[in-house]
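Residues per chain are reported as follows:
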Amino acid sequence: MNKFTSNARPLLRLSALSVALGMSLAGTALAQSNITGSIFGQVGAKQGDTVLIQNTDTGFTRSTTVDASGRYRFSSLPVGNYKVTLQNHGATVSSRDNITVVISGGSEVSFASPERTTELGAVSVTASSLPAIDVSSVDTRTVLTADQLQKLPLSRDVLAAALLAPGVIQGSSYNAPSFGGSAASENAYYINGYAVTNPLTSIGLSTLPFDAIDQEQVLTGGYGAEFGRSTGGVINIVTKRGSNEWKAGVYSIWAPQALRSDPRNIYFANTGFYGSGNRTPTDGTLYLNRNRSQYWTSTVGAYVGGPLIRDKLFFYVNAEVERQEGNSVRYYTNSSAANLKQAWNDYSYKKPRWTAKIDWNINDSNIVELTGISDKTLYDAKYSPYSYANDTHTDTQTGGIYTKDGGELYIGKYTSYLTDDLTLSALYGTQKIDHVSTPWGYDPACPYISVNSQTAAPGQTYNTCQKTTALLLVPGAKDKTRGGRLDIEYRIGDHDIRVGFDKQIADSLTGKSYPGGYGWIYGWQSNPAGAIDTGNGVGSPVSAGGLGTQGYYVYRYYRTQLAKVKTEQEAQYIEDRWQVNNNLLLSLGLRNEQFTNYNSSNQPFARQRHQLAPRLGASWDVFGDSSLKVFANAGRYHLAMPNNVAVRGASGSLITSEYFTYTGVDPRTGAPTGLSPIAVDHSKGYTCGNTNLVSTNLECGQAPDPRTVASKGMKSHFQDEYILGAEYQVSPTFVTGAKVTLRKLRSAIDDTCTQTLGGRCFLFNPGQANTFLLEQPDGSFTEVHYTNEQLGFPKLKRKYAALDLFVEHPFADNWYGKIGYTLSHNYGNTEGQLLSDLDTGAGGQADVSVTQDWDKPQLMVGSNGSLPNDRRHQIRAFGYYQFSKEWRVGSTVQVASGRPKSCLSFWPDTTTKGIYNSSSYHYCGLNIPGSQVVFAPRGTSGTTPWTYRLDLNAAYTPGWADNKLTLQVDVLNVLNRQTPQYYHMRYGSNRTTVNPLYGRVLNYTDPRTVRFTVRYDI
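In the annotation of an unreviewed UniProt entry, the chain is listed under the name TonB-dependent receptor and assigned to Rhodanobacter thiooxydans. The record in UniProt for the chain states the following under Subcellular location (unreviewed entry): "Cell outer membrane".

Okay, here's the thing in structure tokens:
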């Protein structure tokens, strides 16, 4: 805190000003996104007194006077192409065409002194090209234009394009990227200035037709005070818009199944315990048939845009439908006969999307923008029997599911250039996302059954009358967001002062439960006399007789959740961009954030206030000609908890297990018969009341008092970041650069159920002292303070250090190219808001900010090491070559070293009270013959293999079709390198049984795909 405390004090008065401004503004705000750009430059002595800019697409025009030092600047400009003209007493002196303004970027257009210009009548054109380095920026960003997105061989996905930015990797356990060592939930996503981050979990985003993207900006660090609510990165999208020129087109994209390589099968690993002599010999045998997992995709779309009133009113509309149809095998070779009756999956996806935008240039001082976006995904699956013995399936439907997710987003933005020096902008938006899930043949009277070949008792038949295996979604599930923001920018002398206020509100109705209300989960352990769960007081199978004498048991499992929750987030900021002299720019900002989370009763259970986040940046134009830039920044970034935290932490979730032995199985339902309860030691303190319902986190269905959900004065999740870099224009066609990044997580929010607190779970700040309000038996409350040592935890640690290098060839001489290398290390004892280590094939733990990490002190023993998002070496190269107006080729290359591997097993001391009875601890092995327990700190069990991916494309735009027709083929993963992404790391099924799945591959990179595109642009 030291450095930031001292830096913050001089800015406190400015922060108070921004707070006052914010409180005076009506309305609310969700987005925090600068979706405009700027044009700036220097004018030689006596060359001119006025600079005029014109958007060549829309006719939008602005002018400003050159200041006494010869500088000028236009800010808050809509992205697009501009013409810049220098005038002297109304007469044109010089002009520049084809000036591109990008998101949050500055385009320098300087006019030289007389001796450096060539006169062409009344217009002088500077001999040198525009600078390739933006000396007005202090952040680190990658901007991809619509032209680049079309010419590069990429998956048509916003997140796939972001992987071209340095320090961005694909999170192999989540369908979202990791930026700079942060968890995949710590990113922020914007479309036209409105936040479209998943409001329930913060993992992923709502999207739009890929063809509707005009620019995609990927911010990887150092962003200014107007951005917040991200400790990872920011993806900022601006849609296409209409112009004075009518444009329209159609396109069709097809990736045939016949040209898609077969995915690799997944096999059991060789554990050494399940060879040919075992009753279930699985070592090295087939686990999942993925060769049959094939599909085709197609996209059909059209767009049109143009002027409704020339130079005044414009529109743009894009609509497309993406389809995918295929089949897969859902279950495994060791699955029960009942599951194999639903193992074959014939499915289809339908993703209708549209984007519409209206731009109204009321006059050159006032602009209105309206955006509408729809993003929906419909999934329909039909299940039927599949036989591994002969690799066949039938067409008789035995199960299935239909889901529909998505909705509409509407955004309005107003920009007013009140004077040459004063600009005001206001934004408001709203979004609704519906979630529908309809299982086929659901029978509410039938329980969920879970059993496999290892846990099935010989001589018993395990059928089921329940035709759905998916958790049931609560009816009416939905997410809503609404809000807006207001920003004011004022230029005074060498200072550009920006102040702003925003607020966001997100509501979610969510919840899930097992089909039939609960599930019967069958188990087996090799030692029948061993306790099933010593720490929570569950006895041995043999003690209850029946099939328990052979080690077989079953437990009735409830997992029921229902919550209607809300978060409110607001912020105020002030930023001064101070042009100290012609060569040095300072960016001095301060952001103040407030977060509030509400439970199902609309009562606040967590609040954070007065969270000051300094943002300090500098850009030094060393030689004054934009050929060498040295830049640095330091900043603090806060992150709020998403809505899902309240589902388990602040609502009445029911998660319990009740253990039995049994003597038989109902032939219709699959439920156990002849039940005999296994004794539970209630003195351990982990049962719901005086029942045998075991709940390690005491989630017994009653919502806690909101005052007891979180520690008092709990701080938010925040991170400090430091960046130092340089960019150098080696020649007119080559730019190189280097950057060093250091990130340190200073505070996190997670839940703890430490034994010190008697088993109850609280949200808290891990790794430091916390104060809790504990409810007493008589209904009163007692405030108790615990040091970190008393809670039993290590100090919080997550660090990221990286060196990024790049060489770029801006488009010239018919080609564009960029190659970058990242050397990084991501290490500590927490991934952040997520926990990838719990991935067993369906993804990591998705309980954002309530992970398993800090639940018990024993879970953190050995947790310090290389973290799941550590990829020590990364290489990215992409570009394209334009042979002629008709022919073009492109390529992307992505290479990365592997992810750290760990081994998890049971806590060695079986007498420890309240521990989880699972392979969740940083130990490897079991106390059984042929194995031994060893301490295995995180990331010390090797790494996954390096990944290599080469994508190529070629396009033909024939002259005989006036270059309006494009025929393109893309080949993704040309070498068909299907590399393991991660492995099953849980060593034991129970304390006496090695997990037969330990060490198996969880997933592979995608196989080679060939994609054809036909488009016609008018």
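1. Observations concerning the environment of Thr-892
Within the secondary structure, Thr-892 sits in strand S53 (residues 887-896). Distance from Thr-892 to Asn-973, taken between C-alpha atoms, is 9.7 Å for residues 81 residues apart in sequence. Discounting chain neighbours no more than four positions away, the residues touching Thr-892 are Leu-152, Pro-153, Leu-154, Ala-877, Phe-878, Arg-949, Leu-950 and Asp-951. Within polar-contact distance, the side chain of Thr-892 engages the backbone oxygen of Pro-153 at 3.3 Å.

2. A few points about the domain arrangement of the chain
Taken domain by domain, the chain holds domain 1 (37-108), domain 2 (140-239) and domain 3 (441-475 + 507-619 + 641-706). Each of domain 1 and domain 2 has a C-alpha centre, and the two are 30 Å apart. Listed per partner, the contact involves six residues of domain 1 and nine residues of domain 2. Carbon and sulfur atoms supply 58% of the area that domain 1 and domain 2 bury against each other, a total of about 610 Å² over both sides. Contact with domain 2 buries surface across domain 1, with Val-79, Ile-103 and Ser-104 losing the most and accounting together for 77% of the total. Our enumeration of links across domain 1 and domain 2 arrives at zero salt bridges. Inspection of the domain 1/domain 2 interface yields four residue pairs in polar contact (both at pLDDT 80 or more). Of the residues contributing to the side of domain 1 that touches domain 2, the split by class is four nonpolar, two polar and no charged.

3. Here we look at the state of the cysteines
For the structure shown, the criterion picks out four disulfides. Each disulfide pairs two cysteine sulfurs, and for Cys-688 the partner residue is Cys-700, the sulfurs being separated by 2.0 Å. The sign of the -85 degrees torsion about the S-S bond sets the Cys-688-Cys-700 disulfide as left-handed. A residue pair is termed long-range when its members are at least 10 positions apart, and Cys-688 in the loop between strand S42 (676-677) and strand S43 (717-731) and Cys-700 in the loop between S42 and S43 qualify at 12 residues. Here Cys-688 and Cys-700 have matching classes, each one buried. Among the cysteines of the chain that take part in disulfides, numbered as they appear in the sequence, the pairing is 1-2, 3-4, 5-6, 7-8.

4. Notes on the pattern of salt bridges
Counted under the stated rule, the structure contains 42 salt bridges. One salt bridge in this structure joins Arg-498 and Glu-226, with 3.7 Å as the shortest N-O distance. Residue Arg-498 is located in strand S31 (residues 495-510), and its partner Glu-226 is located in the loop between strand S15 (213-221) and strand S16 (234-239); the two are separated by 272 residues in the primary sequence. Residue Arg-498 shares its accessibility class with Glu-226, and that shared class is buried. Ionic pairing is found between Arg-591 and Asp-502, a salt bridge with its closest N-O pair at 3.5 Å. One end of the pair, Arg-591, is in strand S36 (residues 584-598); the other, Asp-502, is in strand S31, and 89 residues separate them in sequence. Neither residue differs from the other here; Arg-591 and Asp-502 are each classed as buried. If you follow the salt bridges from partner to partner, you end up with Asp-211, Lys-240, Arg-1015 and Asp-1017 in one network.

Cut-offs and rules
- Residues numbered from 1 in each chain as written.
- Predicted model: local features only at pLDDT ≥ 70, side-chain atom pairs only at ≥ 80, totals over all residues.
- Heavy atoms only, no water.
- UniProt positions renumbered as here; feature names shortened; annotations may be inferred.
- Helix = DSSP H or I, 4+ residues; strand = E, 2+ residues; numbered from the N terminus.
- Contact = heavy atoms within 4.5 Å.
- Polar contact = N/O pair within 3.5 Å; in protein donor to acceptor, adjacent residues only side chain to side chain.
- Domains from an automatic or database assignment.
- Buried area = accessible area lost by both parts, 1.4 Å probe.
- Salt bridge = Lys/Arg side-chain N within 4 Å of Asp/Glu carboxyl O.
- Nonpolar A, V, L, I, M, F, W, Y, C, P; charged D, E, K, R; others polar.
- Disulfide = S-S within 2.5 Å.
- Buried < 20%, exposed > 50% of the residue type's maximum accessible area, 1.4 Å probe, protein only.

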